[in-house]
Amino acid sequence: MNAEDILAELGDIYANRHQWNRKRRERGQRYMGWVCTYIPEEIIQAAGITPVRVLGGNDETPIADAYLYSNLCSFVRSALEEAFMDKYDYLDGFVALNACDHIRRLYDVWSIYLKGKTPFTTILSVPGKISENTIAVFKEELEVFKESLERHFEVEITERALKEAIALYNTTRSLLKEIYDLRKDPQPPLTGTEAMEIVLAGMVMPKDVYNEKLKSLLEALKSRPPVPNAGERVRLLIMGSELQEPEYIRVIEELGGLVVNDDLCNGTRYFWNLVDTREEPLEALARRYVTRNPCPRMRPQTERLTRLKQMIKDYRVEAVIYECIKFCDMHGAAYPIIKRGLAEIGIPVLKLDREHLLTGIGQVKTRTQAFFESIGV
Amino acid sequence: MKLQEFIDIFDERVNYFRRFNLPESVDIYFRCMRNYYLRAMTAKEEGKPLAWVSIMCPMEIFHAMDIVPFAVDPYAISISAFAYFKKEDCVYFDIGDSYGYPADACSPHRAAIGLAASNTLPEPDLIYGTASMPCDSAVAVFDVLSDMKKVPTYFANFEYRYHPNSVQYLKTEFQGLIAFLEEHTGRKMDKERLRETLKISIKANRAMMEIHQLRKKRPCPLRARDAFNSFGMRLAGEGMPETLDFFEAQLREVRGRVERGEGVLPEEHLRLVASGPYPFFAMEILDWVQDKYGAIFVADMFNCAPWEDMDENDPADPVELLARKWLSFFGMELLYGPAENTIDYLIDSIKESQVDGSIFFTHFGCKQTCGLQKIYRDKIMEELGLPTLFVDMDISDPKVVSVDQMKAKIHEYIEMIEKKKGQPVAA
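With that settled, consider the overall build of chain A. A tally of regular secondary structure across chain A gives 16 helices and 8 strands. Computed over the C-alpha atoms, the radius of gyration of chain A is 20 Å, within 12% of the 21 Å expected from 2.2 N^0.38 for a compact globule of 377 residues. Based on the C-alpha atoms only, the size of chain A along its principal axes is roughly 60 × 45 × 45 Å. The buried share of chain A, taken over its 377 residues, is 64%. Within chain A, counting contacts between residues at least 6 apart in sequence, those at least 24 apart form 75% of the total.

Below, the structure is given as structure tokens:
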């Protein structure tokens, strides 16, 4: 298969993810929804349950709006709407974490009002700081999580199963990293839009199936011609709040940009760092998730800035698009730090406020065009 | 506004209130708050390091090391309240916004950034923030302040949910803080001094808990504004002897009223519970509700959250005691933890207060309290049969919703519950 066919297949699975997973559910496969990339999917996988990311939908959110006030971000309201509309009726459970105020309240509403629809709900306490003390306490939390899965689903999560799950997920991460590495090339074979489509598909389907497709895709991409006019386009890194809409990136790329890397939870923050297979599994998972490429919920921000600067250098990034979903205090507040830090290395930043749905895309075009003009594209 | 102006205002208030022979606790309160600001202003000249701190701060550690803690965001609230009182515009919101802090974040944090960016505050030697709670904006603001001021910063991570080893975990976080303070100030922690400071805060806590239990009595022996002073006192002076003086004085007053069967209102018509944060810039609303309708807030979300009593003579390591103290604070779970663990407690506490009405102040910048609205409203209706009024507002920015608009909504609600009770409605 060529790259276009594989990309189309992945896009199709993502677009029809609920139907695709429902069919597998009918054949006996169990599913667990997770909502933030700080949740170690490996433990769910080791319980014989397929983890899928809970994402938003494409519609307005009249039901969720009655449960969550309008200052809760439109992503969590959309995810909740999907749940109320039975789009996640194939889930055997839902796991959240204290990622941010919005996700905490999403969990509260989901666990109280959708108890009948989702048999198992839990929320993890994930530290907001990178340190040995927080890694140790997170390991304890993972033990509690593991035991709760074992109890509810009447399964034993063995060390061997954990190690196999870690190996499976590390393969996914390595393959995605290899695909991303192709984008270091001045003439990369894929766009930022396509890269996001690839990552999103992996969040909603079983990793063994996904890995096979990634292997084929990687081979196909190696012989794929470069993106048209790649050398003439401004090399961008996109970062910010939860963004699950490749169309958003497409709009930016159609204006003369080429997104060559990202700092997104539906991008590098999901897969960039491997789990150390030499350590005891829960210890290794705790360490990997606390020390992975951080989002602004993690302190200190200096760590994030250091890694970001390295990524910008490695991928020859010329400018940054900072997208921020409305009411997201974490990403919103981190902006002045990122802007100042990147100014030190001469990287201009465009901040764009957005909603979950692609409303206001005209503004994105206008502001991006003006930004490109200001940096001489 | 510089701190000196602020201290002058407190001096004026102390002198003004003394003319009216107000309760001793009120006098101590204003003195304590004045001294708190004075300590921050004079720290440098007294050779003491100044730390900008989060409201989730183990103040006892700082006091025991002669480091002056200064909570920046509550100060921003006070500044905006005084601007409103003087009919002036609080410019610090806009300065914070223009610095890049999100305009839809919690307004005191926007103002705190504005105050810091305009160099209006005494400059910090250190910053202490939290890595996880009480909310996103209250955490993130210290990241931005740290980046702006380029001073050593320590973040303590509090857990969302507790484990058997949580005390040891939090103790290690606090030990990390002590090591950080020792490294950056050259001062050494004196554990016996810490123990003494902690003893004071345990005793003050015990008095406060009794006060808020007595507040549930009918008639209510404590005005809502005076009840709220507990919150300010603990933020400003946890572990300070004068804070204990305040709580002991307030307890004597409240006990006396209860023993005499006196309420603080001439006639108590209605008892209310307040949830969400109050409109701090216009606390006059609490007086207005009392004076106009004989309605009193007998419970509020902040003070429903107890700290467990502890033995001040417990010989355990004081840092461990401090960790135990913080983990005993139900407010951490209430604001930050899972609602399913806390909402029932809150409702039980409200039941004990025998309320006739429920008012939820919806602070637009506060995602986490707003996110509880539906759960809270449904529970209150289910368990107490009471409708909840939601009052949209901002805790410190009067431009979002005016005081008159808030009053109009409250009037309609009180009219409704008075009719329900068959009482005459105030004009």
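This part covers the overall build of chain B. Secondary structure assignment for chain B yields 18 helices and 8 strands. Computed over the C-alpha atoms, the radius of gyration of chain B is 21 Å, within 12% of the 22 Å expected from 2.2 N^0.38 for a compact globule of 427 residues. A principal-axis box enclosing the C-alpha atoms of chain B has dimensions of 65 × 50 × 45 Å. A burial count over chain B gives 64% of its 427 residues as buried. Taking the contacts inside chain B whose residues are at least 6 apart along the sequence as the reference set, 77% of them involve residues at least 24 apart. For chain B, the accessible area works out to roughly 15,300 Å², and carbon and sulfur atoms hold 51% of it. Side chains of chain B carry 50 positive and 66 negative charges; the gap between the two charge centres is 2 Å.

Okay, the sheet that holds strand E4 (residues 153–156) of chain B next. Within a sheet, adjacent strands bond to each other through the backbone by hydrogen bonds, running parallel or antiparallel. All names here are of chain B. An order of E2-E1-E3-E4 is seen for the 4 strands of this open sheet, with the pairing classed as parallel. A strand with exactly one partner marks an edge of an open sheet, and here the two such strands are strand E2 (68–71) and E4. Neighbour-to-neighbour, the strand axes of the sheet open up by a mean angle of 25 degrees, direction not taken into account. As paired strands, strand E1 (residues 50–53) and strand E3 (residues 126–130) are joined by 3 bridges and run parallel to one another.

Turning next to unusual backbone geometry. Of note, the amide linkage connecting Arg299 of chain A to Pro300 of chain A takes the cis form, showing an omega dihedral of -10 degrees. The residue Pro300 of chain A is located in the loop between helix H13 (281–291) and helix H14 (301–314) in this model. A positive phi angle is found at Asp66 of chain B, which is not glycine, with a value near 55 degrees. Within the secondary structure, Asp66 of chain B sits in the loop between helix H3 (59–64) and E2.

What follows covers the side chain of Arg233 of chain A. Residues and elements named next belong to chain A. By the element assignment, Arg233 lies in the loop between helix H10 (207–222) and strand E5 (234–240). For the buried residue Arg233, which engages in no salt bridge, the nearest side chain bearing the opposite charge is Glu253, 4.8 Å off. A distance of 3.0 Å separates the side chain of Arg233 from the backbone oxygen of Pro228, its partner in a polar contact.

Within chain B, residue pLDDT values average 92, and 98% of them lie at 70 or more. Confidence estimates for the predicted assembly give a pTM of 0.95 and an ipTM of 0.95.

Right, let's get into the pattern of salt bridges. In total, this model carries 79 salt bridges over all chains according to the counting rule given. Between Arg269 of chain A and Asp263 of chain A there is a salt bridge, with its nearest N and O atoms 3.1 Å apart. Judged by its relative accessible area of 6%, Asp263 of chain A falls in the buried class. The salt bridge involving Glu312 of chain B is made with Arg206 of chain B; its shortest N-O contact spans 2.7 Å.

Right, let's talk about the layout of surface pockets for a bit. All names here are of chain A. Approximately 350 Å³ is the volume attributed to the second largest pocket. What lines the second largest pocket is a set of 19 residues, and nearest its centre among them are Ala15, Arg17, Gly56, Gly57 and Asn58. Looking at the lining of the second largest pocket, the elements with two or more residues in it are helix H1 (3–15) and helix H2 (17–26). Per-element tally for the lining of the second largest pocket: the top contributor is H2, with 4 residues. When grouped by side-chain class, the residues that make up the lining of the second largest pocket number 5 nonpolar, 7 polar and 7 charged.

With that settled, consider a nonpolar patch on the surface. Residues and elements named next belong to chain B. A contiguous nonpolar patch, built from Tyr16, Phe20 and Leu22 and spanning about 290 Å² of accessible area, is present on the exposed surface. For Phe20, the position within the fold is in the loop between helix H1 (3–18) and helix H2 (24–42). Since its relative accessible area comes to 47%, Phe20 is described here as partly exposed.

This paragraph deals with empty space enclosed by the protein. Residue and element names in this part refer to chain A. Counted under the stated rule, the structure contains 9 cavities of 30 Å³ or more. Taken together, 26 residues line the largest cavity, and the ones lying closest to its centre are Cys100, Ile103, Glu242, Cys328 and His331. Listed by contribution, the elements that provide at least two residues to the lining of the largest cavity are helix H5 (74–84), helix H6 (101–113) and helix H15 (329–343). Counted by class, the lining of the largest cavity contains 15 nonpolar, 4 polar and 7 charged residues.

The next point concerns the interface of chain A and chain B. Listed by partner, the interface residues are 47 residues for chain A and 52 residues for chain B. Summed over both partners, the interface of chain A with chain B buries about 4,100 Å², with 53% contributed by carbon and sulfur atoms. Area buried by chain A at its contact with chain B is led by Tyr69, Arg105 and Asp329 of chain A, which between them contribute 16% of it. Residue Asp147 of chain B is joined to Arg340 of chain A by a salt bridge in which the shortest nitrogen-to-oxygen separation is 2.5 Å. Where chain A meets chain B, there are 28 residue pairs in polar contact (both at pLDDT 80 or more). Sorting the residues of the side of chain A that touches chain B by element identifies helix H4 (62–67), H6, strand E4 (120–124), helix H7 (132–153) and H15 of chain A as the ones contributing at least two each. Among the elements that line the side of chain A that touches chain B, the one with the most residues is H6 of chain A, at 10 residues. The residue makeup of the side of chain A that touches chain B, split by class, is 22 nonpolar, 13 polar and 12 charged.

Looking now at the pairing of E4 of chain A. Residues and elements named next belong to chain A. In terms of burial, E4 is a largely internal element, 5 of the 5 residues being buried. Burial along E4 is two-sided: Phe120, Thr122 and Leu124 and Thr121 and Ile123, pointing in opposite directions, are all buried. In this sheet, E4 lies alongside strand E3 (residues 93–97) in parallel orientation, the contact comprising 5 bridges. The residue bridging Val95 from the neighbouring strand is Thr122, located in E4. Taken together, E3, H6 and E4 constitute a β-α-β crossover, and its handedness is right-handed.

It is worth spelling out the environment of Ile202 of chain B at this point. All names here are of chain B. The residue Ile202 is located in helix H9 (residues 191–214) in this model. A C-alpha to C-alpha distance of 44 Å links Ile202 and Lys419, two positions 217 residues apart in sequence. Once residues within four sequence positions are removed from consideration, Ile202 is found in contact with Asp309, Met310, Asp311 and Glu312.

Before going further, it helps to examine the pairing of strand E7 (residues 357–363) of chain B. All names here are of chain B. With 7 of 7 residues buried, E7 is to be regarded as a mostly interior element. Here E7 shows no split at all, with Gly357, Ile359, Phe361 and His363 on one side and Ser358, Phe360 and Thr362 on the other all buried. Of the strand pairs in this sheet, strand E5 (residues 270–275) and E7 are connected by 4 bridges, and their pairing is parallel. Following the sheet pairing, Leu272 is matched in E7 by Gly357. Bridge count between E7 and strand E8 (residues 388–393): 6 bridges; the pairing is parallel. Note that in E8 the partner of Ser358 across the bridge is Thr388.

What counts, and where the lines are drawn
- Residues numbered from 1 in each chain as written.
- Chains lettered and ligands numbered in written order.
- Predicted model: local features only at pLDDT ≥ 70, side-chain atom pairs only at ≥ 80, totals over all residues.
- Heavy atoms only, no water.
- Helix = DSSP H or I, 4+ residues; strand = E, 2+ residues; numbered from the N terminus.
- Rg over C-alpha atoms; globule rule 2.2 N^0.38 Å.
- Buried < 20%, exposed > 50% of the residue type's maximum accessible area, 1.4 Å probe, protein only.
- Contact = heavy atoms within 4.5 Å.
- Areas by Shrake-Rupley, 256 points an atom, 1.4 Å probe, with all protein chains shown as cover.
- Lys, Arg positive; Asp, Glu negative; His and termini not counted.
- Charge placed at Lys NZ, Arg CZ, Asp CG, Glu CD.
- Pairing = 2+ DSSP bridges.
- Axes fitted to C-alpha atoms, helices over the stretch in contact; angles between N-to-C directions.
- Salt bridge = Lys/Arg side-chain N within 4 Å of Asp/Glu carboxyl O.
- Polar contact = N/O pair within 3.5 Å; in protein donor to acceptor, adjacent residues only side chain to side chain.
- pLDDT = per-residue confidence, 0-100.
- 1 Å grid on protein atoms, 1.4 Å probe; cavity = no way out; pocket = protein on both sides within 12 Å on 5 of 7 lines; lining within 4 Å.
- Points joined across faces, edges and corners; volume = space filled by probe spheres on them.
- Nonpolar A, V, L, I, M, F, W, Y, C, P; charged D, E, K, R; others polar.
- Patch = residues over 30% accessible without salt bridge, like charges linked within 9 Å, V, L, I, M, F, W, Y side chains within 5 Å.
- Buried area = accessible area lost by both parts, 1.4 Å probe.
- Right-handed = clockwise from strand over helix to strand, strands pointing away.

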